[in-house]
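Secondary and tertiary structure notes
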Amino acid sequence: MSGTVTPALLEQAAHKLKRAQRILVVTGAGISAESGIPTFRGSGGLWEGFRAEDLATPAAFKRMPGRVWKWYRWRRQIVLAAQPNPGHLALATLEKQLPFVEIVTQNVDGLHGRAGSQRLIELHGNIHRARCTDCHQVSSLPEADVAEGEQLPECWKCGGLLRPHILWFGEHYWPGTMDVAMEAGVQASVILVVGTSAQVYAPVGLVLEAQELGAFVIDVNPEETHFSRQADIFLQGTSGTLLPQLSTFLLSLEEPQV
Ligand code: BV8
Ligand code: ZN
């Protein structure tokens, strides 16, 4: 697929979205890149200097909870200073413009919610929430909890050690997330994949299974991935530019007023 996004390709994608009864959007770290949040695997990404298995795993937390909290607090500071970008906002607009749009995100930054998207499944949790390792109470972290230090936060309910309410590598998906996401994939006639390198298996599997069942897949990414090569339409570019263009095109496809 060519790297330039022609108006014809955009229009083709817009027509597909316009006619779809049900659209599933699957997003990855790339959609937040233009909000200043480093991606995981890009240069200067979150994993730079750290390896995922070093920190985003239960074993790492058991071995060095302070280090893991320091990493998440550092990331949370970046997220709290960030704003939803035109890509997030365009998806929230699509949800209002079209019959049924829902988002499954791999991101934990909460920017889709802040952009106004309502139908949203956060597959990997949310960086603003913590879970007690004893009583499993999930709570929102106070904004102030971004202290640089490694002191360990305690559960307000039982005093137990809190962990980030985030799904780590090697952990099973929580009930009510992946199963609901898979169902959304099966029901969708169009799947819009935005900003993912498609490395993490389950979200990848969700899209490929839906495509097997006939879903039309549109991939938005400045780089080619194995998704883009399998997608029905590959829009090569940044989501902050392409998603607003798609939304504008869709508006121009409005049925003529009778
Ligand atoms: C599971 C939260 C069943 C953490 C994340 C046992 C041990 C270890 C591993 C496993 C294991 N069992 C199964 C696994 C496999 C593992 C997996 O998939 N590993 C991969 C890496 C090989 N999966 C799991 O463990 C999952 N659980 O499968 O349960 C099971 C369990 C046990 C035993 C048997 C079976 C749970 C995975 C959850 C991991 N948690 N996040 C945190 O955030 O700290 S995943 C993490 O990677 C993020 O959520 C991130 O979203 C995700 C995927 O990365 P991307 O979003 O794609 O980001 P990336 O940087 O890679 O790419 C960015 C893209 O954006 C690029 O393509 C770039 O070109 C593009 N881009 C850049 N700028 C822009 C842009 N696009 C658009 N616009 C731009 N401007
Ligand atoms: Zn507790």
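For the structure itself, consult the block above.
Residues numbered from 1 in each chain as written. Chains lettered and ligands numbered in written order. Predicted model: local features only at pLDDT ≥ 70, side-chain atom pairs only at ≥ 80, totals over all residues. Heavy atoms only, no water.

Moving on, we come to the coordination of the zinc ion (ligand 2). For the zinc ion (ligand 2), the protein coordination sphere consists of Cys132 (SG), Cys135 (SG), Cys155 (SG) and Cys158 (SG), at 2.2 to 2.3 Å. One can describe the site at the zinc ion (ligand 2) as tetrahedral: its four donor atoms subtend angles covering 101 to 120° at the metal. Coordination of the zinc ion (ligand 2) draws on donor residues from a single chain, spaced C-x2-C-x19-C-x2-C in sequence. Taken together, the residues cysteine 135 in the loop between strand E4 (125-132) and strand E5 (138-140) and cysteine 155 in the loop between E5 and strand E6 (162-166) connect sequence positions 20 residues apart. (Donors = N, O, S within 2.8 Å, 3.2 Å for Na, K, Ca; no water. Tetrahedral: all angles 85-135°; square planar, octahedral: opposite > 155°, others 65-115°. Helix = DSSP H or I, 4+ residues; strand = E, 2+ residues; numbered from the N terminus.)

Within the secondary structure, arginine 76 sits in helix H4 (residues 65-81). At a separation of 3.2 Å, a polar atom in the side chain of arginine 76 contacts the main-chain carbonyl oxygen of leucine 141. (Polar contact = N/O pair within 3.5 Å; in protein donor to acceptor, adjacent residues only side chain to side chain.)

Moving on, we get to the sheet that holds E4. Here three strands make up an open sheet; going across it, the order is E5-E4-E6 and the pairing antiparallel. Across the chains shown, the open sheet's two edge strands, defined by having one partner strand only, are E5 and E6. Averaged over all neighbouring strand pairs, the angle between strand axes comes to 45°, with direction disregarded. In the sheet, E4 pairs with E5 via three bridges, with the strands oriented antiparallel. Paired with arginine 131 across the two strands is valine 138, which belongs to E5. (Pairing = 2+ DSSP bridges. Axes fitted to C-alpha atoms, helices over the stretch in contact; angles between N-to-C directions.)

By themselves these figures say nothing about function.
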